[in-house]
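The primary structure of each chain is shown beneath.
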Protein chains: 2
Amino acid sequence: MEWTLARRCAAMNASAIREILKLAEQPGVLSMAGGLPSPHGFPVEALREASAKVLRDTPREALQYAASEGHGPLREWVAAHLESRGLRVDPAQVLVTSGSQQGLDLLGKLLLDAGSAVAVESPSYLGALQCFGVFEPRWAPLEGDEDGPHPDALREAARERAARPRFAYLLPNFQNPTGRLMGDARRDALAEAALAAGVPLLEDDPYGELWYDAPPPAPLAARRPEATVYLGSFSKVLVPGLRLGYLVAPPALGPKLLQLKQAADLHTGGYAQRVVAELVRDGLLERHVPTLRARYGAQRDAMAAALRAALPPGCAWRAPQGGMFFWLRLPEGLDATALLPRALQAGLAYVPGAPFYAARADARTLRLSFVTLDAAQIAHGVATLGRLLHAALAERDGLDGRRAGEVPMAADAAATVNARAASRSMLPQEAP
Amino acid sequence: MEWTLARRCAAMNASAIREILKLAEQPGVLSMAGGLPSPHGFPVEALREASAKVLRDTPREALQYAASEGHGPLREWVAAHLESRGLRVDPAQVLVTSGSQQGLDLLGKLLLDAGSAVAVESPSYLGALQCFGVFEPRWAPLEGDEDGPHPDALREAARERAARPRFAYLLPNFQNPTGRLMGDARRDALAEAALAAGVPLLEDDPYGELWYDAPPPAPLAARRPEATVYLGSFSKVLVPGLRLGYLVAPPALGPKLLQLKQAADLHTGGYAQRVVAELVRDGLLERHVPTLRARYGAQRDAMAAALRAALPPGCAWRAPQGGMFFWLRLPEGLDATALLPRALQAGLAYVPGAPFYAARADARTLRLSFVTLDAAQIAHGVATLGRLLHAALAERDGLDGRRAGEVPMAADAAATVNARAASRSMLPQEAP
């Protein structure tokens with residue numbers, strides 16, 4: 001029997017790095033590769049109580065089919081919550097989604113034809129690249145600096161009207177993977193450039209509440225509400241396993257988004273929505289999120305100290321002001337993908353940076369998560385990384401021009417990974 | 001700001017019938033329009049216990065990110081359960097989805113390019129038509145009889161190789177909307193024709209366990225496992241509000257389906273999967289589903305008796321052997337969409353049949369659900385329908401050739417509905 005696959009599947013490939021990272025699940029490997037929040041931060045007792053209450057008070061409503069838009073009280077809470085962030089939102093604009101990942105899928109369906117340009121940060125969130133990739137776009141990567149993409153890059157990407165991006169996908173707060181926070185002035189400049197260039201914005205904000213020094217500036221959506229879709233999530237501030245996110249769209253997009261939501265999964269589970277509505281109504285997040293900030297902030301500090309102590313000269317990184325990740329750039333001649341098998345052998349997992357780039361990957365980059373490990377584990381893992389990099393640099397210099405990724409020790413694995421990493425279509429899905 | 005929508009959105013329109021059916025939610029209206037299971041049939045106490053157990057024993061695992069494939073024990077249960085239905089399945093072939101509706105979305109992404117042909121029963125499940133419609137297919141409706149689509153219709157649809165359908169979407173068991181059960185010989189003949197014609201099958205089976213007279217024949221997937229994707233759901237046998245379904249695909253499709261699942265929503269909620277795994281492991285469905293059969297079977301009988309008593313001559317219907325729906329064909333000259341506003345005025349809601357057709361709608365058809373109303377409500381609602389139809393027939397005959405939908409009483413509303421129902425792109429999403 002012959003199954004004919006859609007054309008979009010031709011560009012989808014299994015992730016070589018994902019396969020390698022399966023080794024990270026073996027005992028003895030410290031993983032800084034994940035994008036998972038710490039399960040120690042889950043408010044389990046509050047969830048137990050809310051769950052029991054929902055199944056006691058409104059079991060049949062919670063377990064029946066429900067409105068595609070989402071549970072009314074939850075949509076109202078989202079609108080009120082975003083007002084405190086500077087966004088004025090009508091609850092009718094809020095669409096509850098099955099994680100904010102589903103929001104990306106719905107927006108891809110809504111806005112992308114095959115060949116449509118999509119402007120993305122360089123690097124950007126892997127799961128978004130994979131999600132939008134299903135709709136066969138043309139990537140328009142935006143060069144930037146430590147403050148975010150350059151407004152000029154957005155203007156340039158939109159210069160030819162026919163090739164104008166359908167949207168720019170941006171993560172202003174503690175971006176995955178770089179941890180970068182976009183400053184207030186840059187936000188203004190980007191919102192301005194987007195308006196002038198006629199490019200709408202998708203603002204993805206899963207980490208905005210996880211700030212460790214000071215709250216981030218107001219969202220892009222607060223500056224250009226009619227030209228921005230804002231995506232939020234309960235995965236990082238509460239728990240991921242209920243799969244609850246939301247998007248806030250300009251009213252003109254609402255009806256089509258709702259039809260796409262119906263077609264995709266009818267609606268997001270009513271039980272999960274009611275449990276979370278119960279928790280947030282009761283003010284849980286106001287009590288809970290500060291504990292996450294304290295926990296993750298301390299771990300961020302531990303990783304910064306460990307990196308300062310262990311890394312060889314020539315490594316570039318900055319401590320993030322929030323979120324979950326450090327972004328590290330290795331010295332010249334080192335390749336993070338090529339080094340990964342050796343890191344795993346030494347008992348450390350990280351995610352190479354290459355797959356986070358829609359194009360023109362910087363092979364010297366890698367991402368380290370600090371949220372699931374304690375300070376001692378962080379120190380131990382970073383020390384392992386430091387030794388590995390010192391050794392690789394010695395080999396680089398001693399081997400007279402041969403690159404670290406090609407040293408005999410890991411030659412086969414590295415060659416395989418490199419060959420596949422070179423293909424843009426290889427973008428793996430991260431953990432997430 | 002200018003939002004450019006994807007081309008696929010142009011064919012999507014809000015449902016006029018859905019708008020009209022909002023009136024069904026008003027007090028005093030008996031709704032036979034829904035596709036919802038009865039909330040009285042939810043095993044609430046068992047769900048309470050399973051939920052408490054999951055949040056007590058494995059809270060952090062249940063609330064963390066989880067595998068995109070689904071929860072291992074649940075996949076194993078699905079495989080074992082399907083074996084009892086005649087299907088031999090490796091748990092590795094099972095992909096847990098956010099309701100079986102999401103399975104349809106993933107399969108549309110996997111198999112459909114714009115312009116691909118899709119063979120569908122005529123009529124078929126509205127939510128599938130809407131879901132596949134997002135991928136801009138060309139419909140190949142299969143004519144059939146009370147036993148299902150004609151195998152010759154499938155052969156004919158695949159006659160030209162270039163226009164061969166990417167798949168045939170079939171609901172063999174107590175189909176939504178017609179309630180039709182496909183017989184054993186017809187299943188063989190269709191599986192044979194599909195193989196000969198080179199057309200894979202998507203077998204959607206949400207109602208297979210809800211049989212009231214005798215269990216249905218073995219699934220199509222048991223006859224052609226390499227050429228069939230089978231979709232199942234916990235929505236009708238357990239509860240819809242946890243949004244749990246699954247699909248079983250030939251191994252060759254697994255990796256791409258998994259990547260599409262990751263891109264769509266990363267994974268289905270682990271909490272919901274663990275609660276359901278807990279329930280089914282404990283044998284709940286073996287105890288619970290027979291109570292649903294008894295309840296719904298009695299309601300099916302009540303509706304059959306009421307229809308026999310109340311309907312005017314010239315109406316055609318058969319009592320379904322399972323599922324949730326009666327399918328009614330009105331006498332010549334009557335239009336179910338045109339009559340709907342009058343039915344709502346009289347206190348009864350149903351779903352006109354027209355939107356269930358991908359093409360060439362039969363305007364005389366309508367769907368009645370018997371699962372959410374008790375016997376007295378069923379008798380009352382069907383009596384209302386009977387009076388309405390008697391009156392419409394009298395008007396039809398008295399008004400000498402003018403059609404019931406055009407009688408002055410409901411002229412405006414009916415004209416609006418008719419005009420919009422004429423467009424194939426108007427396919428509304430049902431309740432589901």
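Residues numbered from 1 in each chain as written. Chains lettered and ligands numbered in written order. Predicted model: local features only at pLDDT ≥ 70, side-chain atom pairs only at ≥ 80, totals over all residues.

Thoughts on the overall build of chain A
Our working rule: Think of it this way: any DSSP run of H or I at least four residues long counts as a helix, any run of E at least two long counts as a strand, and we number them from the N terminus. The globule rule used for comparison is 2.2 Å times the number of residues to the exponent 0.38, while the radius of gyration itself is calculated over C-alpha atoms. Counting other C-beta atoms within 10 Å of a residue's C-beta gives its exposure: the residue is buried at 20 or more, exposed at 12 or fewer, and partly exposed in between, where C-beta atoms are placed from the backbone.
A tally of helices and strands in chain A yields 15 helices and 14 strands. Here the C-alpha atoms of chain A give a radius of gyration of 22 Å, agreeing with the 22 Å that 2.2 N^0.38 yields for 432 residues. Its C-alpha atoms give chain A principal-axis dimensions of roughly 65 × 60 × 55 Å. Evaluated residue by residue, chain A yields a buried proportion of 60% over its 432 residues.

Description of the domain arrangement of chain A
All names here are of chain A. Definition in use: Where each domain begins and ends is defined by an automated method or by a domain database. Here the contact rule is simple: place C-beta atoms from the backbone, and any two residues whose C-beta atoms are within 7 Å are in contact.
Assigned domains within chain A: domain 1 (11–35 + 287–426) and domain 2 (44–282). Put simply, the middle of domain 1 and the middle of domain 2, counted by C-alpha atoms, are 28 Å apart. Contacts between domain 1 and domain 2 engage 25 residues on the former and 26 residues on the latter. Looking at the side of domain 1 that touches domain 2, the elements that each hand over two or more residues are helix 12 (284–310) and strand 11 (325–329). If you tally residues by element for the side of domain 1 that touches domain 2, the top one is helix 12, at 6 residues.

Structural notes on the packing of helix 5 (residues 99–111) of chain B against helix 10 (residues 254–265) of chain B
Residue and element names in this part refer to chain B. Cut-off, in case you're wondering: Working convention: axes come from line fits to C-alpha atoms, limited for helices to the stretch in contact. Angles between N-to-C directions cover 0 to 180 degrees. In this scheme the handedness of a crossing depends on how the near helix is turned from the far one: anticlockwise by less than a right angle means left-handed, clockwise means right-handed. Classification convention: Asp, Glu, Lys, Arg as charged; Ala, Val, Leu, Ile, Met, Phe, Trp, Tyr, Cys, Pro as nonpolar; all other residues, Gly among them, as polar.
The N-to-C vectors of helix 5 and helix 10 enclose an angle of 115°; their axes lie 10 Å apart at closest approach. Here helix 5 runs over helix 10; the crossing is right-handed. Between helix 5 and helix 10, the contacting residues are Q102, D105, L106, K109 and L110 on the first element and K256, L257, L260, K261 and A264 on the second. Along the lines of polarity and charge, the residues of the contact of helix 5 with helix 10 split into 5 nonpolar, 1 polar and 4 charged.

Some points on the interface of chain A and chain B
In this complex, chain A contributes 70 residues to the contact, which on the side of chain B involves 71 residues. Counting residues per element, the ones that place at least two in the side of chain A that touches chain B are helix 2 (44–57), helix 3 (59–63), helix 5 (99–111), helix 6 (126–133), helix 10 (254–265) and helix 11 (270–281) of chain A. For the side of chain A that touches chain B, the element with the most residues is helix 10 of chain A, which contributes 8 residues. Broken down by class, the residue content of the side of chain A that touches chain B amounts to 40 nonpolar, 17 polar and 13 charged.

A short note on the environment of A50(A)
All names here are of chain A. Along the chain, the position of A50 falls in helix 2. Using a count of 21 C-beta atoms within 10 Å as the deciding quantity, one classes A50 as buried. In contact with A50, other than residues within four places in its own chain, are V275, E278 and L279.

Brief notes about the relation of the copies chain A and chain B
To keep it simple, the criterion reads: Here the copies were fitted onto each other by least squares, based on C-alpha atoms from residues at pLDDT of at least 70 in both.
Placing chain A over chain B gives an RMSD of 0.0 Å and needs a rotation angle of 180°, together with 0.0 Å of translation along the axis. Taken together, the rotation and translation describe the operation of a two-fold axis. Of the interface residues in chain A, 100% have counterparts in chain B that sit at the interface too, so the contact is made through matching surfaces.

A short note on the packing of helix 13 (residues 336–345) of chain B against helix 14 (residues 375–398) of chain B
Residues and elements named next belong to chain B. Stated formally: Convention used here: angles under 35 degrees read as roughly parallel, angles over 145 as roughly antiparallel, angles from 65 to 115 as roughly perpendicular, and any remaining angle as oblique.
Helix 14 packs onto helix 13 with a crossing angle of 130° between their chain directions and a minimal axis gap of 10 Å. With respect to each other, helix 13 and helix 14 are oriented oblique. Helix 13 and helix 14 meet at a crossing whose hand is right-handed. Two secondary-structure elements touch here, helix 13 through L339, R342 and A343 and helix 14 through L385, L388 and A392. Within the contact of helix 13 with helix 14, the residues separate by chemical class into 5 nonpolar, no polar and 1 charged.

A short note on unusual backbone geometry
The omega torsion across N176(A) and P177(A) is 15°, close enough to zero to call that bond cis. The topology assignment puts P177(A) in the loop between strand 7 (167–170) and helix 8 (184–197). Positioned with a positive phi, R243(A) is a non-glycine residue whose angle comes to about 50°. Turning to its location among the elements, R243(A) is positioned in the loop between strand 9 (228–233) and strand 10 (245–248). Positive phi values are uncommon outside glycine, yet E136(B) reaches one of about 55°. Owing to 17 C-beta atoms within 10 Å, E136(B) belongs among the partly exposed residues under this scheme.

With respect to the sheet that holds strand 13 (residues 351–352) of chain A
Whenever strands of a sheet pair, they do so through backbone hydrogen bonds, lying parallel or antiparallel. Residue and element names in this part refer to chain A. Applied cut-off: Should DSSP find at least two bridges between two strands, the strands are regarded as paired.
What the 3 strands build is an open sheet, ordered 11-14-13; its pairing is antiparallel. The open sheet is flanked by strand 11 and strand 13, the only strands paired with a single partner. Of the pairings in the sheet, the one linking strand 13 to strand 14 (residues 365–369) comprises 2 bridges and is antiparallel in character. Counted as the bridge partner of V351 is R367 from strand 14.

As for helix 8 of chain A
Residue and element names in this part refer to chain A. Worth spelling out the cut-off: The length a helix should cover is 1.5 Å for every residue beyond the first. In this description, one arc is meant: the one made by directions from the helix axis to the C-beta atoms.
In this model, helix 8 (14 residues) spans 20 Å end to end at C-alpha, consistent with the 20 Å of a helix rising 1.5 Å per residue. Considered for burial, the residues of helix 8 that qualify are R186, R187, L190, A191, A193 and A194. Buried residues of helix 8, viewed axially, fall in a sector of 165°; they line one side. Summarising the geometry of helix 8, the exposed residues directed more than 90 degrees from the buried face are D184, A185 and A196.

Section: the nonpolar core
Nonpolar side chains tend to gather and get buried jointly when the protein is soluble and globular. Formally: For the purposes of this analysis, a nonpolar core is taken to be any set of buried Ala, Val, Leu, Ile, Met, Phe, Trp, Tyr and Cys residues that are connected through C-beta atoms within 7 Å.
Residues A119(A), L154(A), V276(A), A119(B), L154(B) and V276(B) are the most contacted members of the largest nonpolar core, which totals 286 residues. In contact with A119(A), not counting residues within four places along its chain, are A140(A), L142(A), L154(A), A157(A), P165(A), A168(A), Y169(A) and V199(A).

Regarding the environment of D265(B)
With respect to the helices and strands, D265(B) occurs in helix 10. Non-local contacts of D265(B), meaning those with residues more than four positions away in its chain, are made with S98(A), G99(A), Q101(A), Q102(A), D105(A), R243(A) and S98(B).

Brief notes about the sheet that holds strand 10 (residues 245–248) of chain B
Residue and element names in this part refer to chain B. The 7 strands lie next to each other as 2-10-9-8-7-3-4, forming an open sheet whose pairing is mixed. Edge positions in the sheet fall to strand 2 (94–97) and strand 4 (138–142), since each of these pairs with one other strand and no more. Strand-to-strand twist of the sheet, defined as the mean angle between neighbouring strand axes without regard to direction, takes the value 20°. The pairing of strand 2 with strand 10 spans 4 bridges and is antiparallel.

As for helix 14 of chain B
Taking 1.5 Å of rise per residue, the 24 residues of helix 14 of chain B would be expected to cover 34 Å, and the 34 Å separating its terminal C-alpha atoms lies within 8% of that figure. Among all positions in helix 14 of chain B, only I378(B), G381(B), V382(B), L385(B), L388(B), L389(B), A392(B), L393(B) and R396(B) are buried.

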